[in-house]
Amino acid sequence: QLQLVESGGGSVQPGGSLRLSCEASGFTLDGYVIEWFRQFPGKGREGISCINTNDNVTLYRDFVKGRFTISRDNAKNTVHLQMNSLKPEDTAVYYCAADSRNYFCSDLVCYDCPYAYWGQGIQVTVSS
């Protein structure tokens, strides 16, 4: 069974850090694009950052550049999202998604690409 599982969410104070993980099971992430999304209550998902495992291209939306870093751990078949300098407006449910279509992460972070595989989502809360 092909599955993505997120972990590492939780509550943190403004200015703090969290590292989200997206572990794949049932398939290897080699050759896939992985993107992190987030969703605010009552709103659609927005793409944050993606990594293309074919050429290691990493892309970010402007509002997370310099604060978030996406990376891959080949040995653990996992993609991480290191989130630093967190703000209350980063509070959301975070999802990872994977797809074999390389163009999903080529020039820009994809807003509405139909990723094939999705994690279940994990809550991140930034509050004092």
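Relevant structure appears above.
The present account deals with the structure reproduced in this document. (Residues numbered from 1 in each chain as written. Predicted model: local features only at pLDDT ≥ 70, side-chain atom pairs only at ≥ 80, totals over all residues. Heavy atoms only, no water.)

Remarks on the packing of aromatic side chains
Applying the stated criterion to the full structure yields 9 aromatic pairs. With a centroid separation of 5.6 Å and an interplanar angle of 85 degrees, the aromatic rings of F37 and Y115 are classed as edge-to-face. In this pair, F37 is assigned in strand β4 (residues 33–39) and Y115 in the loop between β9 (92–99) and β10 (117–118), connecting sequence segments 78 residues apart. Looking at F37, the relative accessible area reads 2%, which means it is buried. Accessibility expressed as a relative area gives 5% for Y115, which makes it buried. Measuring from ring centre to ring centre gives 4.8 Å for F37 and W118, while their planes differ by 45 degrees; the resulting arrangement is tilted. In this pair, F37 sits in strand β4 while W118 sits in strand β10, placing the two residues 81 residues apart along the sequence. Taking the relative accessible area as the measure of exposure, W118 reaches 30% and is therefore partly exposed. Through a chain of ring-to-ring contacts, the aromatic side chains of F37, Y95, Y103, F104, Y115 and W118 assemble into a single cluster. For R45, the ring lying beneath its charged end belongs to Y95, and the centroid distance is 4.0 Å. Here the guanidinium or amino end of R45 rests over the ring plane of W118, the centre of that ring lying 4.3 Å away. (Phe/Tyr/Trp six-rings, centres within 6.5 Å; stacked < 30°, edge-to-face > 60°. Helix = DSSP H or I, 4+ residues; strand = E, 2+ residues; numbered from the N terminus. Buried < 20%, exposed > 50% of the residue type's maximum accessible area, 1.4 Å probe, protein only. Lys NZ or Arg CZ within 6 Å of the ring centre and 35° of its normal.)

Here's the deal with the pairing of β4
Side-chain positions along a regular strand alternate between the two faces of the sheet. Extensive coverage of β4 is indicated by the burial of 6 of its 7 residues. Linking β4 to strand β5 (residues 45–52), which pair antiparallel, is a turn of 5 residues; within it G42 sits at a positive phi near 80 degrees. Pairing of β4 with β9, which is carried by 7 bridges, proceeds in the antiparallel orientation. Note that in β9 the partner of I34 across the bridge is A98. (Pairing = 2+ DSSP bridges.)

Observations concerning the state of the cysteines
In a disulfide, the sulfur atoms of two cysteines are covalently bonded to one another. Inspection of the entire model under this criterion finds 3 disulfides. One disulfide bridge connects C50 with C105, the sulfur atoms lying 2.1 Å from each other. Note on the C50 and C105 pair: the S-S dihedral is about 80 degrees, so by sign convention the disulfide is right-handed. Here C105 lies in the loop between β9 and β10 and C50 lies in strand β5, a separation of 55 residues in the sequence. The exposure class of C50 is buried, given its relative accessible area of 0%. Accessibility expressed as a relative area gives 1% for C105, which makes it buried. Here C110 pairs with C113 through a disulfide, and the sulfurs are 1.7 Å apart. Note on the C110 and C113 pair: the S-S dihedral is about 95 degrees, so by sign convention the disulfide is right-handed. (Disulfide = S-S within 2.5 Å.)

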